[in-house]
Amino acid sequence: GAGVSQSPRYKVAKRGQDVALRCDPISGHVSLFWYQQALGQGPEFLTYFQNEAQLDKSGLPSDRFFAERPEGSVSTLKIQRTQQEDSAVYLCASSLGTGLAGFYEQYFGPGTRLTVT
Amino acid sequence: QKEVEQDPGPLSVPEGAIVSLNCTYSNSAFQYFMWYRQYSRKGPELLMYTYSSGNKEDGRFTAQVDKSSKYISLFIRDSQPSDSATYLCAMSAGGSTLGRLYFGRGTQLTVWP
């Protein structure tokens, strides 16, 4: 079927605004990951879901960042009171989630480019 | 110091050249090693995945892992202009951090005709 989709593709927010970024994983993929990619850097892990359970949120940089996946499919990453340092591309990835390759073969969406002014 | 180090380049080679891309790492717990390719304004796509030390070949691509030196490589034979992209190494320790990938910053490669 279709790959991972993310919306919006681009988002401009004024400092202090709240934003919500959406990820639609590949149908049937159990695991879902969020990464933050700053300009010229590799992706940095933020958080990981197995179905609706958030199993690892150790990469979230502050309590302004919150992610959810209430029905085990679509996920939303919310950033409250955005700061300029939050400007980055936010990538979502999904994987089958079974067997070793099911975790490491992660399929990435195109990302949401967030610019905080 | 980051856990995964990768020279950002840029690297520019003529079509047909053999390309060598490398990463070093500091965490001896890493067991799973991946290479991703990322085109401009796109998400990364998985090229190769290997477990522990050794070599793996897939078409024009060969991945090598040397855990004793904490060093991984990706070789691209007969490089093509369509190989022009940023190449990211990634690795994971498994266990309680299963699926959590640690990426290098990427090497930008240009293959000119």
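Residues numbered from 1 in each chain as written. Chains lettered and ligands numbered in written order. Predicted model: local features only at pLDDT ≥ 70, side-chain atom pairs only at ≥ 80, totals over all residues. Heavy atoms only, no water.

Engineer: I'd like a rundown of the side chain of A:Ser94, residues and numbers included.
Structural biologist: Within the secondary structure layout, A:Ser94 lies in strand β9 (residues 88-95). Among the polar contacts listed, one links the side chain of A:Ser94 to the backbone nitrogen of A:Ile26, at a separation of 3.4 Å. (Helix = DSSP H or I, 4+ residues; strand = E, 2+ residues; numbered from the N terminus. Polar contact = N/O pair within 3.5 Å; in protein donor to acceptor, adjacent residues only side chain to side chain.)

Engineer: Residues and numbers for the sheet that holds strand β7 (residues 61-66) of chain B, please.
Structural biologist: Residues and elements named next belong to chain B. The antiparallel open sheet is built from five strands, whose spatial order is β1-β3-β8-β7-β6. Either end of the sheet is taken by a strand with one partner, and the two such strands are β1 (4-5) and β6 (54-58). With two bridges joining them, β1 and strand β3 (residues 19-25) adopt antiparallel strand pairing. What sits directly across from glutamate 5, in β3, is threonine 24. (Pairing = 2+ DSSP bridges.)

Engineer: Now, about the interface of chain B and chain A: what can you tell me, with residues and values included?
Structural biologist: Counting residues at the interface gives 21 residues for chain B and 26 residues for chain A. Three residues stand out in chain B for area buried against chain A, namely B:Arg41, B:Leu98 and B:Arg100, and they jointly supply 29% of the buried area on that side. At the junction of chain B and chain A, the tally comes to one salt bridge. Linking A:Glu44 and B:Lys2 is a salt bridge whose minimum nitrogen-to-oxygen distance equals 2.9 Å. Linking chain B with chain A are five residue pairs in polar contact (both at pLDDT 80 or more), by the criterion used here. Per-class residue counts for the side of chain B that touches chain A are 10 nonpolar, six polar and five charged. (Contact = heavy atoms within 4.5 Å. Buried area = accessible area lost by both parts, 1.4 Å probe. Salt bridge = Lys/Arg side-chain N within 4 Å of Asp/Glu carboxyl O. Nonpolar A, V, L, I, M, F, W, Y, C, P; charged D, E, K, R; others polar.)

Engineer: Residue-level account of the packing of aromatic side chains, with values.
Structural biologist: Where two aromatic rings form a pair, the distance of their centres and the angle of their planes describe that pair. Under the definition given, this model contains 13 aromatic pairs over all chains. For the pair B:Tyr32 and B:Tyr51, a centre-to-centre distance of 5.0 Å together with 35° between the ring planes defines the contact as tilted. You can see B:Tyr32 sitting in strand β4 (residues 32-38) and its partner B:Tyr51 sitting in strand β5 (residues 45-51), a full 19 residues away along the chain. For B:Tyr32, a relative accessible area of 8% gives the class buried. A connected cluster of aromatic rings, assembled from ring pairs, spans A:Phe33, A:Tyr35, A:Phe45, A:Tyr48, A:Phe108, B:Tyr36 and B:Phe103. (Phe/Tyr/Trp six-rings, centres within 6.5 Å; stacked < 30°, edge-to-face > 60°. Buried < 20%, exposed > 50% of the residue type's maximum accessible area, 1.4 Å probe, protein only.)

Engineer: Can you break down unusual backbone geometry residue by residue, with the values?
Structural biologist: Here A:Ser7 and A:Pro8 are connected by a cis peptide whose omega angle stands at -10°. Position of A:Pro8 relative to the elements: it lies in the loop between β1 (5-7) and β2 (10-13). Cis geometry is found at the peptide bond from B:Gly9 to B:Pro10, where omega equals 10°. Secondary-structure assignment places B:Pro10 in the loop between β1 and β2 (11-14). Positive phi, normally seen in glycine, also occurs at A:Asn51, with a value near 55°. Within the secondary structure, A:Asn51 is located in the loop between β5 (44-50) and β6 (53-56).

Engineer: Break down the state of the cysteines for me, with residues and values.
Structural biologist: Should the sulfur atoms of two cysteines be covalently bonded, the bond is a disulfide. Scanning the model with the defined rule gives two disulfides over all chains in all. Here A:Cys23 connects covalently by a disulfide to A:Cys92, the sulfurs 1.9 Å from one another. In this structure the cystine formed by A:Cys23 and A:Cys92 twists about its S-S bond by roughly -65°; its chirality is therefore left-handed. Of this pair, A:Cys23 sits in strand β3 (residues 19-24) while A:Cys92 sits in strand β9, placing them 69 residues apart in sequence. Residue A:Cys92 is classed as buried on the basis of its relative accessible area of 0%. Residue B:Cys23 pairs covalently with B:Cys89 via a disulfide, S to S 2.0 Å. Between B:Cys23 and B:Cys89, the S-S torsion sits near -100°, and that sign places the bridge as left-handed. With a gap of 66 residues between them, B:Cys23 in strand β3 and B:Cys89 in strand β9 (residues 85-92) connect regions that are remote in the sequence. Owing to a relative accessible area of 1%, B:Cys23 belongs among the buried residues under this scheme. (Disulfide = S-S within 2.5 Å.)

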